[in-house]
Amino acid sequence: MNSQEKVLSCYNQVAGDYAAERWDELSKKHFDRLLLKEFAFVNKDKGLCADFGCGPGQTTRFLYDHGVENIVGVDLSPAMVDTAGKLSPRIKFETGDLLHISYPSGHLGSAVAFYAIVHFTSNQVRKCFEEINRVLKTGGDFLFSFHVGDEIVHFDKAHDKEIDVDLFFFKTEDIIALLDETGFNIIDAIERRPYEEVEYQSRRAYIWAEKK
């Protein structure tokens, strides 16, 4: 299997368990809420917002509840999309591939991708950024997060299911360079320490970029 097929297999298997574990996570992540509330305030009337790699839709739902009603959650995994639709039936969710986004150019007013690049190599991240830049309107905001570092962590088990995926960590400076090369301006680039007993204990980065 290629890397995308492995990721798809993983999340199709763990969708229900993952949703149960992650659905309420934003209530324990103060900084994430602050950032998402500001993003919602700025982008609620800017056209369609896509939440890429939405998983069970906890971030999609948070943005929707804070005024971004023109929103769609997009995930590679049909099982995850099905789970998200059951948890938030008023919101549209659909399957999609970040490396080959199905929307026409200039279709989106804004985009979010929390931890959606964590299973990508650097070359795949570049391709992902190129695709998101293509589907955004000029001046459109793109907010995303990732794990900070330079290691690759392999997982062969999750929620008692056999999986085979790698978690890639990235240096913030390297991601900023890729954004610049793929047509984005940087508005904010922030790192924070991990929340204890709430999440995987890695340093986190958040970048708010804008299509040039």
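Use the structure listed above.
**Topic: the overall build of the protein**
From N to C terminus, the protein includes six helices and nine strands. Residues counted as buried form 51% of the 212 residues belonging to the protein. Of the contacts made within the protein by residues no fewer than 6 positions apart, 69% connect residues no fewer than 24 positions apart. Element-wise, carbon and sulfur atoms account for 49% of the exposed surface of the protein, whose accessible area totals about 9,800 Å².

**Thoughts on unusual backbone geometry**
Phi is positive for Y115, which is not a glycine, with a value near 60°. Note on Y115: relative accessible area 19%, which makes it buried. Even without being a glycine, E197 presents a positive backbone phi close to 60°. Looking at the secondary structure, you find E197 in the loop between β8 (184–192) and β9 (204–211). Look at E197 and you get exposed, because its relative accessible area is 82%.

**Comments concerning the packing of helix α5 (residues 122–135) against helix α6 (residues 172–181)**
The relative placement of two packed helices comes down to the angle between their axes together with the axis-to-axis distance. Put simply, α5 and α6 touch, their axes get as near as 9 Å, and they point 40° apart. Taken as axis vectors, α5 and α6 run oblique relative to one another. Relative to α6, the crossing made by α5 is right-handed. Contact residues: S122, V125, R126 and F129 in α5; I175, L178, L179 and E181 in α6. Split by residue class, the contact of α5 with α6 holds five nonpolar, one polar and two charged.

**Considering the pattern of salt bridges**
Going through the model one piece at a time under the given rule, you end up with 15 salt bridges. We note a salt bridge from K86 to D82, for which the minimum N-O separation is 3.1 Å. Of this pair, K86 and D82 both sit in helix α4 (residues 78–87), four residues apart, roughly one helical turn. Between K212 and D180 there is a salt bridge; the shortest N-O distance is 3.1 Å. Placement of K212 in the segment after β9 and of D180 in helix α6 is noted, with a sequence separation of 32 residues between them. Using a relative accessible area of 46% as the deciding quantity, one classes D180 as partly exposed. Taken together, the salt bridges that share partners define one network made up of E25, K29, D32, R192, E199 and R204.

**Some words on the packing of aromatic side chains**
If you walk through the whole model with that rule in mind, you get 11 aromatic pairs. Consider the rings of F31 and Y206, whose centres lie 5.2 Å apart with planes at 70°: the pair is edge-to-face. With F31 in helix α2 (residues 30–43) and Y206 in strand β9, this pair connects stretches of sequence that are 175 residues apart. Between F142 and F184, the aromatic rings sit 5.6 Å apart at their centres with planes inclined by 40°, giving tilted as the arrangement. Placement of F142 in strand β5 (residues 136–147) and of F184 in strand β8 is noted, with a sequence separation of 42 residues between them. Among the residues examined, F142 registers a relative accessible area of 0% and is labelled buried. Here the aromatic cluster, defined as three or more aromatic residues joined through ring pairs, consists of F129, F142, F144, F146, F170 and F184.

What counts and what doesn't
- Residues numbered from 1 in each chain as written.
- Predicted model: local features only at pLDDT ≥ 70, side-chain atom pairs only at ≥ 80, totals over all residues.
- Heavy atoms only, no water.
- Helix = DSSP H or I, 4+ residues; strand = E, 2+ residues; numbered from the N terminus.
- Buried < 20%, exposed > 50% of the residue type's maximum accessible area, 1.4 Å probe, protein only.
- Contact = heavy atoms within 4.5 Å.
- Areas by Shrake-Rupley, 256 points an atom, 1.4 Å probe, with all protein chains shown as cover.
- Axes fitted to C-alpha atoms, helices over the stretch in contact; angles between N-to-C directions.
- Parallel < 35°, antiparallel > 145°, perpendicular 65-115°, else oblique.
- Left-handed = near helix turned anticlockwise from the far one by under 90°.
- Nonpolar A, V, L, I, M, F, W, Y, C, P; charged D, E, K, R; others polar.
- Salt bridge = Lys/Arg side-chain N within 4 Å of Asp/Glu carboxyl O.
- Phe/Tyr/Trp six-rings, centres within 6.5 Å; stacked < 30°, edge-to-face > 60°.

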